[in-house]
Amino acid sequence: MKEIAIVSGKGGTGKTVITASIAALAKNKVMGDCDVDASNLYLLLHPVIKEKNEFYGGLIPSIDLKKCTNCGRCQEVCRFDALKTINGQTVIDLISCEGCGLCALVCPVQAIQMKENHCGEWYISETKYGPLVYARLGIAEENSGKLVTLVRQNAQAIAKKNNSELIIVDGPPGIGCPLIATLSGANLSVAVTEPTLSGLHDLERVVKVAQHFGIKTAVIINKYDINLENSSKIEDWCRKDNIPIIGKIHFNNIITEALVKGVPVVEYSDNTVTKEIKDVWQKLEYLTN
Amino acid sequence: MIISVASGKGGTGKTTIAVNLALVLAKDEEKNVQFLDCDVEEPNAHLFLKPIIVNSESVEIPVPKVDEKKCNYCGKCAEVCVFNAIAVTKNKVLIFPGLCHGCGACTLFCPENAISEQGREIGILEEGKAGSISFIHGRLNIGEPMAPPIIRKIKKKIKKDYNDNRDNNITNHHIILIDAPPGTSCPVIESIKDSDYTILVTEPTPFGLHDLILAVEVLQKLKIPHGVVLNKCDIGDHKVEKYCKKNNIPLLLFIPMDKDIAVAYSKGIPIVKINSFYEQKFIQLFQKIIQNI
């Protein structure tokens, strides 16, 4: 079983559009959406939810006002400025709280309790292209890395049960905790970039993270022709680092049209762009076998 | 005032909006503009503002260091650590620095006083000037998972004279622009909290709408006034506009899909530098924000 993670560093380079098309082209696979902040893959794959699960991602404090003496000990030890005194009463700012529980541990009158925090949901679903596991992190919540890991573990379990050869995961932007959780254990990361200075800058960072964790990377240059000079800079950079470029996808409005219609672009039309994406899939098949 | 620029979906044009607004406002000599790039995972604003960096400092979080001479392997440190950053065996203490949030619980509760803390670098912060704009950004080190401590440090750089005058800041011409990371979770919250206004940038596609709705929920939760900039406003459908109108969210600015803008962006050139028409547009954007606060 092979796991491919589609990543990008910079947001909006076309990860999800490409993931959806690969989902439509590959056979016997399972999909996972690891962008748990803002999952979009389901908008193109139209799943039917089979199983909805709650996600408890950490602990949050609550103060029993009857017990609290406003002694200020919790405020003294909190390093995240999450406890404040308002009108003489100690209050918790859950937005700043990291959930370390130190306040509850030091409270001399046990007025602070740590409770499990319901901070999202995750779903096992079926699509016409195969099973999809995806999630929704609660608004302004933490622990996205844990939720990403849950999505991946469940995609793996389904793949095992179904004897699927392949897991395709759509990654989050950035290089922090959700991205690291997405990459850990992947057999191949595919970085989708665009020929802009930001695209190149962010590509370098995400590829370095993959290399840091010992994961092989391939690159797709999307909107290849919007700046050919930058595209050749990306190609030079990849060549120097021995990173294969498995796709050069030209700019075409058809991609947005398909997106607005809510279908993977390879199923929407048959033109040069769809051919370019089909070529990407052939190369990916070769790289993972 | 503090104006942050955010979006649920990545790549919608946050940096473009923040940078161009900063450049337009900085033209007014009376205004004191500070630019904070809080997307420390993938900072991009420097590619457009090209600041001259004059100061660079390391961002560290405190991680425990165990004095094995004093330690009796009682396991209290591991017990109080909710992040599982410490494991204690019969005769060894294992510390996983990548999991440590630096809360200090282990140090405080060690009965033998065997734990001290040492700084571990997770990224850097750089400060400089781009013309009259004071520029600050951070950079998360490769392989590090936690962006919020760097964002917190960037925000501590909000000028003291600003904080001292916060109550009458709307008139005092001190403007802090924050370029936030994409998404809706902790790095975004850390970046935009305490803002007086947040500009949400999106595009008229199903992804753009879906993620805008999530971002609006974040701002409602944080009680920050907000409005929407619709970028590439002519590429998709009209559902974002309908959503905004239905929910009384001001549409602040429309930017059409324009090859010249895309090419300039790809080279790191701000829109206002290629098209003076947009200078006026960004001034209007600022005026609308003032009216909405």
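Residues numbered from 1 in each chain as written. Chains lettered and ligands numbered in written order. Predicted model: local features only at pLDDT ≥ 70, side-chain atom pairs only at ≥ 80, totals over all residues.

Secondary structure summary: chain A contains eleven helices and eleven strands in total. Overall, chain A is about 70 × 40 × 35 Å in size when its C-alpha atoms are taken along their principal axes. Across the 289 residues in chain A, those meeting the buried criterion constitute 55%. When contacts within chain A are restricted to residue pairs at least 6 apart in sequence, long-range pairs at least 24 apart make up 75% of them. (Helix = DSSP H or I, 4+ residues; strand = E, 2+ residues; numbered from the N terminus. Buried ≥ 20, exposed ≤ 12 C-beta atoms within 10 Å, placed from the backbone. Contact = placed C-beta atoms within 7 Å.)

So, on to the sheet that holds strand E9 (residues 188-193) of chain A. Residues and elements named next belong to chain A. Taken in spatial order, the nine strands line up as E3-E6-E7-E2-E8-E1-E9-E10-E11 in an open sheet, and their pairing is mixed. Both outer strands of the open sheet, strand E3 (48-63) and strand E11 (245-248), are each paired with one neighbouring strand and no more. Going across the sheet, the axis of each strand differs from the next one's by a mean of 20 degrees, ignoring polarity. Examined bridge by bridge, strand E1 (residues 2-7) and E9 share four bridges and lie parallel to one another. Within E9, the residue paired with Ala5 across the bridge is Ser189. Strands in contact with helix H5 (residues 144-161) are strand E2 (29-33), E3, strand E6 (112-127), strand E7 (130-137) and strand E8 (166-170); relative to E7, the strand with the most contacts, it is inclined by about 165 degrees. Helix H7 (residues 197-212) rests against E1, E9 and strand E10 (216-221) of the sheet, and its axis sits at about 170 degrees to E9. (Pairing = 2+ DSSP bridges. Axes fitted to C-alpha atoms, helices over the stretch in contact; angles between N-to-C directions.)

Time to look at the pairing of E9(A). All names here are of chain A. Counting buried positions along E9 yields five of six residues, so the element is predominantly enclosed. In terms of strand pairing, E9 meets E10 through six bridges, oriented parallel. Of the residues in E10, the one forming a bridge with Val192 is Ile220. Between the parallel pair E9 and E10, the chain is carried across by H7, and the sense of this crossover is right-handed. (Right-handed = clockwise from strand over helix to strand, strands pointing away.)

Listed as buried for helix H5 (residues 148-155) of chain B are B:Pro148, B:Pro149, B:Ile150, B:Ile151 and B:Ile154. Taken together, the buried residues of H5(B) touch strand E2 (32-37), strand E3 (52-66), strand E6 (115-130), strand E7 (133-140) and helix H7 (186-192) of chain B.

A separate point is the confidence of the model for chain B. Residues of chain B with pLDDT of at least 70 account for 96%, and the chain-wide mean is 94. For this predicted complex, the interface score ipTM comes out at 0.94, while the overall pTM is 0.94. (pLDDT = per-residue confidence, 0-100.)

Moving on, we get to the nonpolar core. Formed by 180 residues in total, the largest nonpolar core has its most connected members in A:Val151, B:Ala22 and B:Leu177. Broken down by element, the residue count for this core peaks at nine residues, all from helix H1 (residues 14-26) of chain B. Not counting the four nearest positions on each side in its chain, B:Ala22 is found in contact with B:Val33, B:Phe35, B:Ile133 and B:Leu177. (Core = buried A, V, L, I, M, F, W, Y, C linked by C-beta atoms within 7 Å.)

Each partner contributes to the interface: chain A provides 50 residues, whereas chain B provides 51 residues. When contributions to the side of chain A that touches chain B are tallied by element, the ones reaching two or more residues are helix H4 (102-106), H5, helix H6 (177-183), H7 and helix H9 (254-261) of chain A. Considering every element that reaches the side of chain A that touches chain B, the biggest residue donor is H7(A), with eight residues. When its residues are assigned to classes, the side of chain A that touches chain B shows 21 nonpolar, 20 polar and nine charged. (Nonpolar A, V, L, I, M, F, W, Y, C, P; charged D, E, K, R; others polar.)

Here the focus is unusual backbone geometry. All names here are of chain A. For Asn28, which is not glycine, the phi torsion reads 45 degrees and is therefore positive. Turning to its location among the elements, Asn28 is positioned in the loop between helix H1 (15-25) and E2. Even without glycine at this site, Asn70 takes up a positive phi of about 55 degrees.

The next subject is the sheet that holds E2(B). All names here are of chain B. The strand order across the open sheet formed by nine strands is E3-E6-E7-E2-E8-E1-E9-E10-E11, and the pairing between neighbours is mixed. Either end of the sheet is taken by a strand with one partner, and the two such strands are E3 and strand E11 (251-255). The mean inter-strand angle of the sheet, taken between neighbouring strand axes irrespective of direction, is 20 degrees. Sheet analysis places E6 next to E7, joined by eight bridges and oriented antiparallel.

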